[in-house]
Structure formats: structure tokens, C-alpha cells
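Coordinate inspection notes
Residues per chain are reported as follows:
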Amino acid sequence: MIDPRALALLALCTAFLLPTLASAGPKYAPPTPEKVAAGLHDGHAVAPSLRWDGQWIAYGVEETRPDVMRSRYYARSLGEDATFRSVWPSQHPSFEGNEGTASFTDLIGFVWHPEGRTNAMVVRHKTKGAEVMLELLKVRFGGPGEQNQPVFSTDGKQAVVVAQGELGRELWVAKTEHDAELEQLTFTRDDERWPVWSPDGKHILHEIRNKKTGTSDLFLFDLEYYDQQPFLRLEGSDEIHPTYSPDGGRIAFLSNKDDPAGKRYDLLVGLKDGSNLKTLIQGVRTTERSRGYHWDPQGRFVIAVQDDLKAGHPLVAVRADGEGKPKSLGISTTDNADPHFVLLHAGGDWPTHMRLCWTAANPTAHTAWRTTYRADVEIAQLLALLGLE
């Protein structure tokens, strides 16, 4: 017969142990990075991105050939079939006259549509310069100058691009449907860059770089009233690469306000009106084709590349609420850049893994070409690492 006193002691111990066990998540284990298409290209991989479901990856390659630099984009299935294709405006519906695939020299940008269709291509025409075209649709952004940085609205029904106008670099918008009309939104003398849609589709937040001073501030375009207003101008600071949180309640951007030399850009987050700003990461590494950081689709954390040469430019995660310090993901690659990720669902309602891609040095190659990597991280482990439930 069990002693009642022993049962009481067991119950007391259980009462103390259960909260401890419940709060201790699974221990974080760094994932093993896998190369994507390593050795297939003679050039540096740039700006990889995953399709919304994580089953396809697209990446650019700056190919070096005798006396010429060429830019290409490729897409590859991450499934068992490993299907591979070159991204190119083959037989595009917008072709006119004698135009064809040979009318273009480079593909310098690619953006997945939110549903993985009608993706945006930035192609360099032999005579017209860079143009944005939507795959499978007769949508082609024209204008007096080059276009770049296409961004789809959250619902995928519209796309905004940056186009060189008569005064400066402007914002243009079009619906993602056949024969959609192009509409110029802004008319400024300076350079507009890095636009991003608010999740409700009512605003476009973007950066404007002053041509004379070289400084950058954030501006907001209201699509209901067609009005553009200054949004954030911190004293002694450039504000660049803005984004919204997935729910639209917060914004993030990079600022050099805390670096006297103005060379280090920190990641700041605040409310959607620009108030209550907090610094999440000191020093974020950016490139011409990447913001250098990426939001969790559920808004809990941010993944970024820290601008720390001695540490090998590590991939880090940080809580979006500003609590706690950045945590290294422990990934073994070095010289990291261009992070992007999506969440994977294993047949259930809740995502089980984060699929991450980035570019990094390829230490086993006989050349110095950078390559694309991918890795899957268990969500439960990552949340435990950050102290999140």
C-alpha cells in the first residue's frame, strides 16, 4: 500500500516541476545548410527568394564572361524532381513587331507573385533599358526611362514599380490582369526606392533619396486620396528599406542615426505611425538587391544578416517586440547576405518549419563564386531560442 505522505510529496514536486517543463521549449539545434545549384554557374549568386509555399526557389547569377558581365535568373524546384528552368521573357504577350527573346540582354530582377503565378521579371532591353514585365500577362511597364523593384500587393491584384521619369525616379502601378493600364502615382525630382504595400492595400511606404544631399527619408503614398506626404525624418539620419509587419500594425526600417560615420545601418521597429521606435539589431548587412532582413509571416520575429565581418556576417533572429538581443542561428556558412524565408505546413493548421535561403561563400569550390544556400529550421526550436512560446 502506497504511503499517503509519499503521494503528497509527489504531488508537491509535480506542482513545482510542471511549470518549469512547460516553459522549457525544445533545445535549438543549428540546421545544416544545403547548396542550391552549386557549380552550375560561373558567377556570383544574388538575391534568392522562395515561392510562398517553399517548394520553389529563384535566384540571380551575375555571370562573368570574357569582357562582359551578364545577369541571369533561374528557378528550381526544391522537391524530389529538382526541376530547373531559366527565367526569361520567352514569347511574352507584350511583344510587338519584330521583338522576341533575342531583344533582351539580361534579366536583373525577379519577384514571386503571392500565389506563385504572373511573377514579375526585370529584363534589360537592348534599346529601351530595364523594363518590368509580368509573366503570362500582357503587362509591361513602359515610360521614358528604366524600371526596377517591382512589388506585388498582399492580395496579388496590383503591382507597383519604380520607374525613371522625366523628373526623377517615380512610382507606377498596374493591376495584374491582361492589358492592364499603367498609372503614374508620384511626380518628384528625387529618387524613389524600395516601395512596400501596406497589408490592407491602402498605402505604399517608400524611401526617397534626395539627389542633391544624398540623404534618404520615408514617405507615404495614400492610394485613396492620391496624396504623398513625408512619413519619417529622423534627425541626422537616413531611413531606408522600409517594410510593414504582416498585420500592418508596425513598421521596420534601417537607420544610421546612431553611427557618427553614417555607415552602420541599424534595424528599427515601431508602430505604424512611426512612433515608439526600438532598435532590434545594430548593424544589418544590405546589398543592392536585398533589404538585408525579413519578417516572420506571423510577425513574431525578424531574420537578418548582421554586418559583422569578424563574425562572418552571421544570420541572426530577433524578437519583433524588442525584447531580448539578436540570437545567432548558428549556421556554419560565412559572408552571408540576402536572407529570405517562408513557413512550411506539414499538412496541419500550424507551420512546423521555417525554410530559409540566403547567399554565402562557397569554401569547397575551386573559384570564389558565392552560391545560394537553403536550410529548414524547426519553428518550436527557434521560438524557444528567442524566449517565445
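Before reading further, recall that the structure is shown in the block above.
Quick summary incoming for the structure in this document. (Residues numbered from 1 in each chain as written. Predicted model: local features only at pLDDT ≥ 70, side-chain atom pairs only at ≥ 80, totals over all residues. Heavy atoms only, no water.)

**So, the overall build of the protein**
Here is the rule: Secondary structure is summarised from DSSP: a helix means a run of H or I of at least four residues, a strand means a run of E of at least two, and numbering begins at the N terminus for each. Atoms counted for the radius of gyration: C-alpha only. Globule rule: 2.2 Å times the number of residues to the power 0.38. Exposure categories follow from relative accessible area, calculated using a 1.4 Å probe and restricted to protein chains: below 20% of the type maximum is buried, above 50% is exposed, and the middle band is partly exposed. Residues are treated as being in contact if the distance between any of their heavy atoms lies within 4.5 Å. Here the open area of atoms and residues is found with the Shrake-Rupley method and a 1.4 Å probe, where only the protein chains shown may cover a residue. Here Asp and Glu are counted as negative and Lys and Arg as positive; His is not counted, and neither are the chain ends. Positions of charges follow a simple convention, taking NZ of Lys, CZ of Arg, CG of Asp or CD of Glu.
What the protein contains, in helices and strands, is two helices and 27 strands. At 23 Å, the protein has a C-alpha radius of gyration in line with the 21 Å of a compact globule built from 389 residues. Principal axes of the C-alpha set define a box for the protein whose edges measure 95 × 50 × 40 Å. Looking at the protein residue by residue over its 389 residues, the buried ones come to 51%. The long-range share in the protein, meaning contacts at least 24 apart out of those at least 6 apart in sequence, stands at 43%. For the protein, the accessible area works out to roughly 19,400 Å², and carbon and sulfur atoms hold 51% of it. Across the protein, the centroid of the 42 positively charged side chains sits 4 Å from that of the 52 negatively charged ones.

**Describing the pattern of salt bridges**
Selection criterion: By definition here, a salt bridge exists when the distance from a side-chain nitrogen of Lys or Arg to a carboxyl oxygen of Asp or Glu is within 4 Å.
Per the counting criterion, the structure on display carries 21 salt bridges. One salt bridge connects Arg140 with Glu131, and the closest N-O pair in it is separated by 2.8 Å. As far as the burial class goes, Arg140 and Glu131 line up, both buried.

**Focus on the sheet that holds strand 17 (residues 239–244)**
Our working definition: Two strands are said to pair when DSSP picks up at least two bridges between them. To define axes, lines are fitted to C-alpha atoms, for helices over the stretch in contact only, and angles between the resulting N-to-C directions are given on a 0 to 180 degree scale.
Reading across the sheet, the four strands line up as 17-18-19-20 and stay open at both edges, with antiparallel pairing between neighbours. One side of each edge strand has no neighbouring strand; the edge strands of this open sheet are strand 17 and strand 20 (278–281). Neighbour-to-neighbour, the strand axes of the sheet open up by a mean angle of 30 degrees, direction not taken into account.

**Things to note about the packing of aromatic side chains**
Where two aromatic rings form a pair, the distance of their centres and the angle of their planes describe that pair. To be explicit about the condition: In summary, the pairing rule links any two rings of Phe, Tyr or Trp, Trp by its six-membered ring, whose centres are within 6.5 Å, and it sorts them by plane angle into stacked for under 30 degrees, edge-to-face for over 60 and tilted for everything else.
By the definition in use, this model includes eight aromatic pairs. With a centroid separation of 6.5 Å and an interplanar angle of 35 degrees, the aromatic rings of Tyr73 and Phe110 are classed as tilted. Of this pair, Tyr73 sits in strand 4 (residues 68–77) while Phe110 sits in strand 6 (residues 104–111), and the two are 37 residues apart along the sequence. With a centroid separation of 5.0 Å and an interplanar angle of 85 degrees, the aromatic rings of Phe110 and Trp112 are classed as edge-to-face. Just as Phe110 is buried, Trp112 falls in that class too. Following the ring pairs from residue to residue traces out a cluster consisting of Tyr59, Tyr74 and Phe84.

**Some remarks on the sheet that holds strand 21 (residues 293–295)**
Spatially, four strands are ordered 21-22-23-24 in an open sheet, and the strand pairing comes out antiparallel. A single partner strand is all that each edge strand has here, and the edge strands are strand 21 and strand 24 (327–328). Sheet analysis places strand 22 (residues 301–305) next to strand 23 (residues 315–319), joined by five bridges and oriented antiparallel. The residue bridging Phe301 from the neighbouring strand is Arg319, located in strand 23. Sheet strands touched by helix 2 (residues 379–386): strand 22, strand 23 and strand 24. Its angle to strand 23, the strand with the most contacts, is close to 70 degrees.

**Observations concerning the pairing of strand 4**
Bridge count for strand 4 against strand 5 (residues 84–87) is four bridges, and the pairing is antiparallel. Among the inter-strand pairings, Tyr73 is bridged to a residue of strand 5, identified as Val87. In textbook terms, the turn of a hairpin is the stretch between consecutive antiparallel strands, and for strand 4 and strand 5 this stretch comprises six residues, one of which, Ala82, has a positive phi near 50 degrees.

**A short note on the side chain of Asp106**
Worth spelling out the cut-off: The term polar contact refers here to a pair of N or O atoms within 3.5 Å; inside protein, the definition further demands a hydrogen-donor-capable atom paired with an acceptor-capable atom, and it admits residues adjacent in sequence only when both atoms are side-chain atoms.
Mapping Asp106 onto the fold places it in strand 6. Of the polar contacts made by the side chain of Asp106, one reaches the backbone nitrogen of Ser71; its length is 2.7 Å. Here Thr105 takes part through its side chain, which lies 2.8 Å from a polar atom of the side chain of Asp106.

**What to know about unusual backbone geometry**
A positive phi is found at Thr118, a non-glycine position, where the angle reads about 45 degrees. Looking at the element boundaries, Thr118 is found in the loop between strand 6 and strand 7 (120–125). Residue classification places Thr118 among the buried positions, given a relative accessible area of 6%. The phi dihedral of Trp194 is positive, around 50 degrees, even though this residue is not glycine. Following the sequence through the fold, Trp194 ends up in strand 13 (residues 191–197).

**With respect to the environment of Arg289**
Along the chain, Arg289 falls in the loop between strand 20 and strand 21. Spatially, the C-alpha atom of Arg289 lies 11 Å from that of Val111, the residues being 178 residues apart in sequence. In this structure Arg289 touches Val46, Ala47, Glu62, Ser71, Tyr73, Ile108 and Trp194, once residues within four positions along its chain are discounted. Within polar-contact distance, the side chain of Arg289 engages the side chain of Tyr73 at 3.3 Å. Of note is the side chain of Arg289, whose polar atom sits 3.1 Å from the backbone oxygen of Ile108.

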